[in-house]
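# Summary of structural features
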Amino acid sequence: MTVTADLAMVNLDSSDPAAHAGFYARVLGWQITHSQAEYAMISKDGVSIGFGLVPGYAPPAWPDETAGKRYHLDLYVDDLTVAEKEFVAAGAAKPEFQPGGERWVVLIDPIGQPFCICPRPQG
């Protein structure tokens, strides 16, 4: 197969782009490279995540078996317990429903979007 494209960045819908970017900049250790009310961006090592304002944005319910699947981010961490505490201190919430057992933890970011923290693969 011939490569025809490269991923430039990921853009996520948001109700508060600056706060959304601030949260992920903090938990990932990335730099905020742009921040306005309608759009914000974080970057590290040539990779960027953008957060765009969507008026009336409503985050998905967790869990919601009746809705279609939406995106979510999976983040590698060295220690699930430590990362969970740090991310909750940064503004995330931990929902009661946790389908991953000890393989991953679902958290909800400050605007209501679920994301997962996963142990970093060894080796």
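Refer to the structure presented above.
Just so we're clear, the structure is a prediction, and the values are computed from it rather than from any experiment. (Residues numbered from 1 in each chain as written. Predicted model: local features only at pLDDT ≥ 70, side-chain atom pairs only at ≥ 80, totals over all residues. Heavy atoms only, no water.)

### Here we look at the nonpolar core
Core analysis: the largest hydrophobic core is formed by 23 residues, its most contacted members being Tyr24, Ile42, Leu75, Phe87, Phe115 and Ile117. For this core, the secondary-structure elements that each account for two or more residues are helix 1 (17-28), strand 3 (39-44), strand 4 (47-53), strand 5 (73-77), helix 2 (80-89), strand 6 (105-108) and strand 7 (114-119). In terms of residue count, the dominant contributor to this core is helix 1 (five residues). Excluding residues within four positions of it along the chain, Ile117 makes contact with Leu75, Val77, Leu80, Ala83, Glu84, Phe87, Trp104, Val105 and Leu107. (Core = buried A, V, L, I, M, F, W, Y, C linked by side-chain atoms within 4.5 Å. Buried < 20%, exposed > 50% of the residue type's maximum accessible area, 1.4 Å probe, protein only. Helix = DSSP H or I, 4+ residues; strand = E, 2+ residues; numbered from the N terminus. Contact = heavy atoms within 4.5 Å.)

### Points about helix 1
For helix 1, with twelve residues, the first-to-last C-alpha span of 16 Å sits near the 16 Å given by 1.5 Å per residue. Taken together, the buried positions of helix 1 are occupied by Pro17, His20, Ala21, Phe23, Tyr24, Ala25 and Val27. A positive backbone phi angle near 75° is found at Gly29, which sits one or two residues after helix 1. (Expected span 1.5 Å × (residues − 1).)

### Overview of the packing of aromatic side chains
The full count for this structure, using the stated rule, is six aromatic pairs. On the basis of an interplanar angle of 10° and a centroid distance of 6.0 Å, the ring pair of Tyr24 and Phe51 is categorised as stacked. Of this pair, Tyr24 sits in helix 1 while Phe51 sits in strand 4, placing them 27 residues apart in sequence. An identical accessibility class is assigned to Tyr24 and Phe51; each is buried. Summarising the aromatic geometry, the rings of Phe87 and Phe115 are spaced 6.3 Å apart at their centres and angled 40° between planes, so their arrangement reads as tilted. Of this pair, Phe87 sits in helix 2 while Phe115 sits in strand 7, placing them 28 residues apart in sequence. (Phe/Tyr/Trp six-rings, centres within 6.5 Å; stacked < 30°, edge-to-face > 60°.)

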